[in-house]
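Listed below are the residues making up each chain.
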Amino acid sequence: MDEGKLAEYWRKNLALIRNLLVIWAVVAYGLGILLAPALNGIRLFGGPPLGFWIAQQGAIWVFIVLIFVYAIRMQALDREYGFED
């Protein structure tokens, strides 16, 4: 593989990682901490406030989903550049 293709592969890989981390940070920090007081007025099925739930569970669930998104997108990227197993 030539240097240009390899550099493009890594640029796309790092962009994917950056974008997924930004999503996780927005959910964990933005919704779970900064906007939690505003979201606490909403209750989930009559149970815990939404801001509390996002801070305690939501950010973890988003992180798990992002792991699967990363794995799927990296498989496609590996296939595109000929790095498949």
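Analysis parameters
- Along each chain, numbering runs from 1 in the same order as the chain's sequence is written.
- At least 70 in pLDDT is required for a residue's local features to be given in this predicted model, at least 80 for side-chain atom pairs to be given and counted, and no such filter applies to totals for whole chains, interfaces and linings, which use all residues.
- The basis for every side-chain value is the complete set of heavy atoms in the structure, and neither hydrogens nor water enter the calculation.
- We call a set of buried residues a nonpolar core when its members are Ala, Val, Leu, Ile, Met, Phe, Trp, Tyr or Cys and they connect through side-chain atoms within 4.5 Å of each other.
- For each residue, the accessible area found with a 1.4 Å probe, counting protein chains only, is set against the maximum for its type, and the residue is called buried under 20%, exposed over 50%, and partly exposed in between.
- Secondary structure counts use DSSP, requiring at least four H or I residues in a row for a helix and at least two E residues in a row for a strand, with both numbered from the N terminus.
- Note on definitions: a residue-residue contact is assigned when non-hydrogen atoms from the two residues lie within 4.5 Å.
- Any carboxyl oxygen of Asp or Glu that lies within 4 Å of a side-chain nitrogen of Lys or Arg is treated as forming a salt bridge with it.
- Residues enter patches when they are more than 30% accessible in relative terms and free of salt bridges; like-charged ones are connected within 9 Å and nonpolar ones (Val, Leu, Ile, Met, Phe, Trp, Tyr) within 5 Å.
- The Shrake-Rupley method, run with a 1.4 Å probe, gives the accessible areas here. Residue values count only the displayed protein chains as cover.
- The term bend refers to the angle at a residue between two fitted axes, each drawn through seven residues, those ending there and those starting there.

Novice: Where do I start with the nonpolar core in this structure?
Specialist: One broad trend across soluble globular proteins is that nonpolar side chains are buried collectively. Ranked by size, the top nonpolar core spans seven residues in total: Tyr9, Leu16, Leu20, Leu66, Met74, Leu77 and Tyr81. Breaking this core down by element, the ones donating at least two residues are α1 (3-34) and α3 (50-81). For this core, the leading source of residues is α3, giving four residues. Excluding residues within four positions of it along the chain, Leu77 makes contact with Tyr9, Lys12 and Asn13. Formed by five residues, the second largest nonpolar core is a distinct cluster that contains Val27, Leu39, Leu50 and Ala59.

Novice: In this structure, what is going on with the pattern of salt bridges? I would like to understand it.
Specialist: Tallied over the entire structure, the rule returns two salt bridges. Here Glu8 ties to Lys12 by a salt bridge, and the two come within 3.6 Å at their closest N and O atoms. Here Lys12 and Glu8 lie together in helix α1, a separation of four residues that amounts to about one turn. With a relative accessible area of 30%, Glu8 lands in the partly exposed category. One salt bridge in this structure joins Lys12 and Glu80, with 3.2 Å as the shortest N-O distance. Taken together, the residues span a long stretch of sequence, with Lys12 in helix α1 and Glu80 in helix α3 at a distance of 68 residues. By relative accessible area, Lys12 is classed as partly exposed at 27%. Each member of the salt-bridge network shares a partner with another, and the members are Glu8, Lys12 and Glu80.

Novice: What is the right way to look at a nonpolar patch on the surface in this model?
Specialist: Taken together, the side chains of Leu6, Trp10, Leu14, Ile17, Leu21, Trp24, Phe63, Ile67 and Phe83 make up a nonpolar region of the molecular surface, amounting to roughly 780 Å² of accessible area. Looking at the nonpolar patch, the elements with two or more residues in it are α1 and α3. Broken down by element, the nonpolar patch gets its largest block of residues, six residues, from α1. Structurally, Leu6 is set in helix α1. Relative accessible area serves as the criterion here: at 30%, Leu6 is assigned to the partly exposed category.

Novice: Help me understand α3, please; the structure alone is not making it clear to me.
Specialist: Side chains of residues three or four places apart in an α-helix project in the same direction, reflecting 3.6 residues per turn. At Gln57, α3 shows its largest bend, some 50 degrees. Looking at the buried side of α3, the elements it contacts are α1 and α2 (36-39). Two residues or fewer after α3 comes Gly82, characterised by a positive phi angle close to 80 degrees.

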